[in-house]
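Chain residues, written in single-letter form:
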Amino acid sequence: MRKTIRFVDMFAGIGGFREGLRRAGGFICVGHSELDKNAGRSYRALFDTRGEWSCDDIRKADAGSMPDFELLCGGFPCQSYAEEIVIPKFKLHPMQIAGLRSKTSG
């Protein structure tokens, strides 16, 4: 019998990692963290998060309150990158060349 892997979804956005693991099967989300209020609202609308550990600002989290887990997922914050892309031109943007340097990006 396959073991269910418990995971925490950090910097969850609207749930890309969670949805991927849901589709893969064998994973259960036991907690999530998302600082962006709109993304967090979308996340809770898309997934049943009742009873899960959650934290808006992970910098203020109490590690002792986190549930046991085997996998920690974390998407790097992409807001500054997404806001800077030149959508209509589809050209290389300077950020794509220089890398991500803002304090909210990895």
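As a reminder, the structure under discussion sits directly above these lines.
Residues numbered from 1 in each chain as written. Predicted model: local features only at pLDDT ≥ 70, side-chain atom pairs only at ≥ 80, totals over all residues. Heavy atoms only, no water.

Colleague: Tell me what's going on with helix H2 (residues 37-46), and back it up with residues and numbers.
Modeller: One turn of the α-helix equals 3.6 residues, which is why residues spaced by three or four share an orientation. The complete set of buried residues in H2 reads Ala39, Gly40 and Tyr43. For H2, the angular spread of the buried residues around the axis is 100 degrees, confining them to a single face. Away from its buried face by more than 90 degrees, H2 exposes Lys37, Arg41 and Ala45. Looking at the packing, one finds that the buried side of H2 touches strand E1 (5-10), helix H1 (16-24) and strand E2 (27-33). For H2, the N-terminal cap is Asp36; the gap from its side-chain oxygen to the backbone nitrogen of Asn38 is 3.2 Å. (Buried < 20%, exposed > 50% of the residue type's maximum accessible area, 1.4 Å probe, protein only. Helix = DSSP H or I, 4+ residues; strand = E, 2+ residues; numbered from the N terminus. Arc of directions from axis to C-beta. Contact = heavy atoms within 4.5 Å. Polar contact = N/O pair within 3.5 Å; in protein donor to acceptor, adjacent residues only side chain to side chain.)

Colleague: Please provide a residue-by-residue account of the environment of Phe7, values included.
Modeller: Within the secondary structure, Phe7 is located in strand E1. On the accessibility criterion, Phe7 (1% relative accessible area) is buried. As for Phe7 and Pro67, which are separated by 60 residues in sequence, their C-alpha atoms are 9.2 Å apart. When sequence neighbours within four positions are dropped, the list of residues in contact with Phe7 reads Arg18, Leu21, Phe27, Ile28, Cys29, Val30, Gly31, Phe69, Leu71 and Cys73.

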